[in-house]
Amino acid sequence: MLDHGAPPHNGGPAAPRSEGLGMRLMRRKPVERLVAEGGHGEGGTLRRSLGLWQLTMISIGATLGTGIFVVLGEAVPKAGPAVTLSFVIAGLTALFSALSYAELAGTIPVSGSSYSYAYATMGELIAWVCGWCLMLEYGVSVAAVAVGWGEYLNELLDGTIGVTLPAALSAPPGDGGVFNAPALIVVLLAMAFLLGGARESARANTVMVLVKIGALVLFCAIGVQGFRSGNYENFMPLGMAGVSAAGATLFFSYIGFDAASTAGEEARNAQRDLPRAILLSLAIITALYVLVAAVAVGAKPWRQFTDSEATLAQIMREVTGQSFWGTLLAFCAVIAIASVVLTVLYGQTRILFAMARDGLVPKVFARVSPRSGTPRANTLIVSLFCGVLAAAVPLGQLADATSIGTLFAFALVNIAVVVLRRSRPDMPRSFRVPLSPLLPALGFGFCLWMMGSLSTVTWVVFGVWMAFGLVFYFLYGYRRSRLAAPAPSEAK
């Protein structure tokens with residue numbers, strides 16, 4: 001009789017039992033292994049060169065500008081003057097998730113952001129779903145913001161030299177154009193900065209962030225001169241449903257605060273600086289958003305807002321009766337939105353870098369140039385994809401699709417922080433979410449509520465996106481995952 005417990009005839013160790021499908025999908029990556037692999041890619045390593053100031057500027061750069069410069073014109077018709085309340089609700093939703101991000105970023109300081117956090121707490125399949133949502137969040141939002149950049153470029157050209165780009169070359173199909181050339185151009189410019197290195201990109205981003213903060217302060221100083229209290233008389237004309245719908249759309253404006261977490265492998269002191277950068281940036285962003293929205297609605301009746309992406313420049317021109325101020329704001333917006341494209345594109349490449357290192361996407365995304373310390377092929381591929389998407393898809397569809405992917409990923413982060421508290425309570429944490437698990441539960445609930453406010457079409461697009469992602473995972477990632485192989489230290 002064959003003894004199944006006996007060693008093989010060759011004297012080697014007994015072969016391990018093969019894992020079932022369920023165990024394979026739920027397999028977690030140890031936190032220690034995630035941290036040990038930090039910075040290491042195919043053929044090189046990322047360079048640790050970013051401090052608290054640069055990390056905070058990355059988060060602000062990825063966030064500030066999207067909602068105010070681009071989406072405000074779409075949100076006001078949904079909520080009326082109560083759009084300020086919509087910003088507060090969206091900011092509160094972001095705050096709950098930001099607290100969870102801050103704890104996990106300080107505990108697991110790697111480039112994968114919430115993808116890596118899910119991998120350490122909820123298993124490979126959930127991590128893949130989270131990573132796939134992050135592709136929607138980061139990759140598609142690059143395209144969405146690039147579309148708005150083209151609108152302000154036209155405002156700038158009109159105010160300086162009196163010409164605008166023809167609609168055929170400045171709008172995508174479905175919006176009266178053929179190809180949005182400016183959107184593609186700004187993505188390619190961001191790509192050029194990123195190829196130069198993380199430190200160089202961070203310096204350029206810092207300059208652009210300071211310019212756009214100055215632009216918003218200037219808008220408030222001038223816009224308040226046209227403030228009319230009567231514009232607030234019917235504060236909530238479309239009810240709480242309108243406020244909620246606008247808040248769901250405006251949540252798109254907050255998606256960048258987590259960008260600092262994608263720089264975990266390029267931060268000099270990630271465990272200390274990442275939580276601080278995330279929370280500090282969100283506080284600055286929310287204050288500016290609410291202030292600017294309040295001034296904008298006070299200076300212009302809400303029914304006169306249109307879906308033009310150059311809303312603030314128009315208000316400046318109407319208040320002063322001069323084209324100069326609107327042109328100046330358009331110039332600042334061109335720089336401001338370019339910084340959003342730069343930093344969000346950076347985040348997308350680093351998330352794909354982490355996923356490729358785990359074997360879930362092709363390893364070309366994990367190749368690092370020894371000369372620049374950047375994932376060059378990754379940056380080229382992602383930039384070209386996002387640039388073509390920006391040139392061909394209307395902004396509104398992109399913004400809502402990005403919001404639902406972001407909300408889903410944030411919901412998972414709120415779960416992950418509670419799971420890690422339970423499974424690894426003794427791990428060192430440079431920041432801890434207060435009142436856990438209450439605040440993470442509120443963050444999770446707010447995310448689900450805002451997802452429910454999005455349109456049926458957005459849900460259909462999200463469902464198709466997720467179905468495609470699961471097909472890709474089972475055909476590629478499931479078979480090539482490196483988690484089954486021993487870590488380098490274990491193999492020695």
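Per chain, residue numbering runs from 1 following the sequence as it is written. Per-residue local features of the predicted model are confined to residues with pLDDT of at least 70, and side-chain atom pairs are confined, for both listing and counting, to 80 or more; whole-chain, interface and lining totals are unaffected and use all residues. Remark: hydrogens and water are excluded; side-chain values derive from all non-hydrogen atoms of the structure.

Novice: Just checking my understanding: could you explain the overall build of the protein for this structure?
Specialist: Only runs of H or I of at least four residues qualify as helices and only runs of E of at least two qualify as strands under DSSP, and these elements are numbered from the N terminus. Summing up its helical and strand segments, the protein has 19 helices and zero strands in all. C-alpha atoms define the radius of gyration, and 2.2 Å times the number of residues to the power 0.38 defines the globule rule. For a compact globule of 492 residues, the expected C-alpha radius of gyration is about 23 Å, and the protein comes in at 23 Å, within 12% of that figure. Taking the principal axes of the C-alpha coordinates as reference, the protein spans close to 95 × 45 × 40 Å. Per-residue burial over the protein gives 59% buried out of 492 residues. Considering only contacts within the protein whose residues lie at least 6 apart along the sequence, 84% involve residues at least 24 apart. In this scheme, a residue with accessible area under 20% of its type's maximum is buried, one over 50% is exposed, and one in between is partly exposed, where area comes from a 1.4 Å probe on protein chains only. In what follows, residue pairs with any heavy atoms lying within 4.5 Å of each other are defined as contacts.

Novice: Help me out: how do you make sense of the environment of L136 in this one?
Specialist: Its location among the elements puts L136 in helix α7 (residues 124-160). Looking at L136, the relative accessible area reads 5%, which means it is buried.

Novice: Just checking my understanding: could you explain empty space enclosed by the protein for this structure?
Specialist: Using a probe with the size of a water molecule, rolled over the atoms, empty space left in the structure can be pinpointed. As defined here, a cavity is a set of points on a 1 Å grid over the protein atoms alone where a 1.4 Å probe fits but cannot get out. A pocket is an open set with protein on both sides within 12 Å along at least five of seven lines, and residues line them when an atom is within 4 Å of a point. Grid points are joined across faces, edges and corners, and a volume is the space filled by probe spheres set on the points. Across all of its chains, the model carries two cavities of 30 Å³ or more by this definition. What the largest cavity holds in volume is close to 80 Å³. Of all the secondary structure elements, the ones that give two or more residues to the lining of the largest cavity are α10 (198-223) and α14 (323-357). In terms of residue count, the dominant contributor to the lining of the largest cavity is α10 (four residues). Classification used: nonpolar for Ala, Val, Leu, Ile, Met, Phe, Trp, Tyr, Cys and Pro, charged for Asp, Glu, Lys and Arg, polar for all others including Gly. Split by residue class, the lining of the largest cavity holds seven nonpolar, three polar and no charged.

Novice: Sorry if this is basic, but what is going on with the side chain of N231 here?
Specialist: Position of N231 relative to the elements: it lies in the loop between α10 and α11 (239-250). Judged by its relative accessible area of 14%, N231 falls in the buried class. In terms of polar contacts, N231 uses its side chain to reach the backbone carbonyl oxygen of V297, at 3.5 Å. With residues up to four places along the chain from it excluded, the contact list for N231 reads P81, V297, G298, A299, K300 and P301. Counted as a polar contact is a pair of N or O atoms within 3.5 Å, where, for protein atoms, one must be capable of donating a hydrogen and the other of accepting one, and residues adjacent in sequence contribute only when both atoms are in side chains.

Novice: Can you walk me through the nonpolar core in this structure?
Specialist: Nonpolar cores are built from buried Ala, Val, Leu, Ile, Met, Phe, Trp, Tyr and Cys residues. Side-chain atoms within 4.5 Å join them into one set. The biggest cluster of nonpolar side chains holds 154 residues, and the ones touching the most others in it are V83, F87, F219 and L312. Filtering out sequence-adjacent residues up to four positions away, F87 remains in contact with I68, L72, L250, S253, Y254, Y289, V290 and A293.

Novice: Would you mind showing me how to read a positive patch on the surface here?
Specialist: A cluster of like positive charges, contributed by R47, R199, R203, R268 and R371, occupies part of the molecular surface. You can see R47 is positioned in the loop between α2 (31-36) and α3 (52-63). When its relative accessible area of 42% is taken as the criterion, R47 is described as partly exposed. A residue counts toward a patch only above 30% relative accessible area and without a salt bridge, and it is joined to like-charged neighbours within 9 Å or, for Val, Leu, Ile, Met, Phe, Trp and Tyr, to nonpolar neighbours within 5 Å. Calculation of accessible area relied on Shrake-Rupley with a 1.4 Å probe; when residues are assessed, cover is drawn exclusively from the protein chains displayed. By definition here, a salt bridge exists when the distance from a side-chain nitrogen of Lys or Arg to a carboxyl oxygen of Asp or Glu is within 4 Å. A positive count includes Lys and Arg, and a negative count includes Asp and Glu. His and the chain ends are not counted in either. The location of each charge is read from NZ of Lys, CZ of Arg, CG of Asp or CD of Glu.

Novice: Is there a simple way to think about the packing of aromatic side chains in this case?
Specialist: By convention here, two paired aromatic rings are described through the distance between centres and the angle between planes. Note on aromatic contacts: the rings of Phe and Tyr and the six-membered ring of Trp form a pair at centre separations within 6.5 Å, being stacked when their planes are under 30 degrees apart, edge-to-face when over 60 apart, and tilted otherwise. By the definition in use, this model includes 23 aromatic pairs. Residues Y101 and F410 carry aromatic rings whose centres are separated by 5.3 Å and whose planes lie at 75° to one another, so their mutual orientation is edge-to-face. Placement of the pair is Y101 in helix α5 (residues 83-107) and F410 in helix α16 (residues 395-423), with a sequence separation of 309 residues. As far as burial versus exposure is concerned, Y101 and F410 are alike and both buried. Centroid distance W459 to F462: 6.1 Å. Interplanar angle 90°. Geometry classified as edge-to-face. Placement of the pair is W459 and F462 together in helix α18 (residues 456-480), with a separation of three residues, close to one helical turn. The class of W459 is partly exposed, set by a relative accessible area of 36%.

Novice: Mind showing me how you'd approach the pattern of salt bridges here?
Specialist: Two side chains bearing opposite charge may form a pair once their charged atoms approach each other closely. Overall, the coordinates contain ten salt bridges when judged by the stated rule. Where E37 meets K29, a salt bridge forms, and the shortest distance between an N and an O atom there is 2.6 Å. What makes E37 buried here is its relative accessible area of 14%. K29 gets classed as buried once you look at its relative accessible area, which sits at 3%. Linked through salt bridges whose partners overlap, the residues forming this network are K29, R33, E37 and D358.

Novice: Mind showing me how you'd approach a nonpolar patch on the surface here?
Specialist: A cluster of nonpolar side chains, contributed by F235, M236, M240 and W449, occupies part of the molecular surface with about 350 Å² of accessible area. As for its placement among the helices and strands, M236 is situated in the loop between α10 and α11. Its relative accessible area of 31% is what places M236 among the partly exposed residues.

Novice: What is the right way to look at helix α15 (residues 376-392) in this model?
Specialist: One full turn of an α-helix is made of 3.6 residues, so residues set three or four places apart face in the same direction. Expected helix span is given by 1.5 Å per residue-to-residue step, counting one fewer step than there are residues. For α15, built from 17 residues, the straight-helix expectation of 24 Å at 1.5 Å per residue is met to within 8% by its first-to-last C-alpha distance of 25 Å. The set of residues buried in α15 consists of N378, T379, V382, S383, C386, G387, A390 and A391. On the buried face of α15, the contacting elements are α7, α9 (181-195) and α14.

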